[in-house]
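Understanding the architecture of this molecule
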Amino acid sequence: MYRYESNNEEQTAKLAEALSAMMEAGTVVALDGDLGAGKTRFSQSVARALGVPGVVNSPTFTIIKEYEGDRLPFYHMDVYRISEDEADELGLDDYFYGEGVTLVEWAELIRNLLPPDRLAIYISHAGETRRVMELRPYGARYNQWCNQLKENGILS
């Protein structure tokens, strides 16, 4: 497991930008954390780094929002309000193994549907604006990313 500490939204965006630089088609990020921990803010930073124009809002009620970025499509999911069975009917594999980057908020709720290779990130409150992010890579690609970010002094 790897760790990143952020004192503010700008530092959170720096991690999102560093990760986004490595993202390619079929990237899956499973994002979890307490309510208000910053999952959507992190997602917005990934979208911005991928060149998604305009506003990126949480897809809490629409479940999935699709955006076109400069480099890759961005698929933003929020599965907080649906069951795993309901999620299974959405054809998530088309996103997970598709041409874009998929970021799933509240991913633990559909753990059995997630691809085996993914980057899991858990965001915890550590103060009013401070956050601790724990990154757990699943699969060689994500292990390589985390090792590279650790070598560059971004992750500990």
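Refer to the structure above for everything that follows.
A quick note: this is a predicted structure, and the numbers were derived from the prediction, not measured.

1. Comments concerning the side chain of S43
Turning to its location among the elements, S43 is positioned in helix α2 (residues 39-49). Apart from residues lying up to four places away in sequence, S43 is in contact with L31, F74, H76, L103 and E105.

2. Things to note about the environment of L114
Topologically, L114 is positioned in the loop between β5 (101-105) and β6 (118-125). Take L114: its relative accessible area is 9%, and that puts it in the buried class. On a C-alpha basis, the gap between L114 and A30 in space is 8.1 Å, while along the polypeptide they are 84 residues apart. In this structure, L114 is in contact with A30, F96 and A107, ignoring residues within four places of it in sequence.

3. As for the side chain of R131
Tracing the chain through its elements places R131 in strand β7 (residues 131-138). Salt bridges are absent for the buried R131, whose nearest opposite-charge side chain, E9, sits at 7.2 Å. Among the polar contacts listed, one links the side chain of R131 to the backbone oxygen of A37, at a separation of 2.6 Å. In this view, R131 contacts Y4, E5, S6, G36, A37, I123, S124, H125 and A126; residues no more than four positions away in its chain are not counted.

4. Considerations on the packing of helix α1 (residues 9-20) against α2
In the contact formed by α1 and α2, the axes pass within 8 Å of each other and the chain directions differ by 50°. On the basis of the axis angle, α1 is oblique to α2. Once α1 is placed against α2, the crossing between them reads as right-handed. Only R41, F42, S45, V46 and A49 of α2 make contact with α1, whose side of the interface consists of E9, T12, A13, L15, A16, E17, L19 and S20. Looking at the contact of α1 with α2 residue by residue, the classes come out as 7 nonpolar, 3 polar and 3 charged.

5. Details of the packing of aromatic side chains
Across all of its chains, the model carries 4 aromatic pairs by this definition. Aromatic pair Y80 and W106: ring centres 4.6 Å apart, planes at 45°, arrangement tilted. Of this pair, Y80 sits in the loop between β4 (73-78) and α3 (84-88) while W106 sits in the loop between β5 and β6; the two residues are 26 residues apart in sequence, bridging distant segments of the chain. Overall, the relative accessible area of 15% leaves W106 in the buried class.

Criteria and thresholds
- Residues numbered from 1 in each chain as written.
- Predicted model: local features only at pLDDT ≥ 70, side-chain atom pairs only at ≥ 80, totals over all residues.
- Heavy atoms only, no water.
- Helix = DSSP H or I, 4+ residues; strand = E, 2+ residues; numbered from the N terminus.
- Contact = heavy atoms within 4.5 Å.
- Buried < 20%, exposed > 50% of the residue type's maximum accessible area, 1.4 Å probe, protein only.
- Lys, Arg positive; Asp, Glu negative; His and termini not counted.
- Salt bridge = Lys/Arg side-chain N within 4 Å of Asp/Glu carboxyl O.
- Polar contact = N/O pair within 3.5 Å; in protein donor to acceptor, adjacent residues only side chain to side chain.
- Axes fitted to C-alpha atoms, helices over the stretch in contact; angles between N-to-C directions.
- Parallel < 35°, antiparallel > 145°, perpendicular 65-115°, else oblique.
- Left-handed = near helix turned anticlockwise from the far one by under 90°.
- Nonpolar A, V, L, I, M, F, W, Y, C, P; charged D, E, K, R; others polar.
- Phe/Tyr/Trp six-rings, centres within 6.5 Å; stacked < 30°, edge-to-face > 60°.

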